[in-house]
Amino acid sequence: MSQLDQSYGFLLGKVLQQMEQQFAETLIPFHIDARQYGVLLFIQENSYSSQKEISEKMRIDRTTMVSHVDHLEALELVERTKNPNDRRAYSLIITEKGARVLVNCWEFLTRTEAEVLSPLGQKDQQLLKDMLLNIWRHHKQ
């Protein structure tokens, strides 16, 4: 076993890379990438969040977040609306078109994950998810 094979970060990164590459191919017709899909999903689940809030919660730097939101807005997948509590800030909502893209792409995402995780049985897949959630929740704040 090599040293790389003993590194959690390396192994998690390689599995993530495989998932992202496969998922990215299915997203090409929608003109978005995996991170933009994640931002779109976050906006759907957290309507009227500001770019700053999304940036902080998803740990995406502000410049990149602006680029993602500009792109999603240009595709008419999200809409910026004035924040009633702060005239300088905008809130983000998903459009009907954005909601349709999420529904279509969710199937691709789950299929990709199933393919990449296929060497594991259902119990092991659930155990992996539970462990990752435990780690993420511990470090989330």
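Source: prediction; values computed, not measured.

What counts and what doesn't
- Residues numbered from 1 in each chain as written.
- Predicted model: local features only at pLDDT ≥ 70, side-chain atom pairs only at ≥ 80, totals over all residues.
- Heavy atoms only, no water.
- Core = buried A, V, L, I, M, F, W, Y, C linked by side-chain atoms within 4.5 Å.
- Buried < 20%, exposed > 50% of the residue type's maximum accessible area, 1.4 Å probe, protein only.
- Helix = DSSP H or I, 4+ residues; strand = E, 2+ residues; numbered from the N terminus.
- Contact = heavy atoms within 4.5 Å.
- Patch = residues over 30% accessible without salt bridge, like charges linked within 9 Å, V, L, I, M, F, W, Y side chains within 5 Å.
- Areas by Shrake-Rupley, 256 points an atom, 1.4 Å probe, with all protein chains shown as cover.
- Salt bridge = Lys/Arg side-chain N within 4 Å of Asp/Glu carboxyl O.
- Pairing = 2+ DSSP bridges.
- Polar contact = N/O pair within 3.5 Å; in protein donor to acceptor, adjacent residues only side chain to side chain.

### Here we look at the nonpolar core
I32, Y37, V39, L40, I43, I54 and L77 are the most contacted members of the largest nonpolar core, which totals 22 residues. Sort the elements by how many residues they give to this core and helix α2 (residues 34–45) lands first, with five residues. Look past the residues within four positions of I43 in its chain and what remains in contact with it is I54, V78, L92, I93 and I94.

### Focus on a nonpolar patch on the surface
Among the surface-exposed residues, Y8, L12, L132 and I135 lie close enough to one another that they form a single nonpolar patch of about 460 Å² accessible area. For the nonpolar patch, the secondary-structure elements that each account for two or more residues are α1 (8–27) and α6 (122–139). Mapped onto the elements, I135 comes out in helix α6. When its relative accessible area of 51% is taken as the criterion, I135 is described as exposed.

### Points about the sheet that holds strand β1 (residues 49–50)
Spatially, β1-β3-β2 is the arrangement adopted by the three strands of the open sheet, whose pairing is antiparallel. For this open sheet the edge positions go to β1 and β2 (78–83), each flanked by a neighbour on one side alone. Bridge count for β2 against strand β3 (residues 86–94) is six bridges, and the pairing is antiparallel. The residue bridging V78 from the neighbouring strand is I94, located in β3.

### Section: the side chain of Q51
Mapping Q51 onto the fold places it in helix α3 (residues 51–58). Using a relative accessible area of 19% as the deciding quantity, one classes Q51 as buried. For Q51, the side chain forms a polar contact with the side chain of R80, separated by 2.7 Å.

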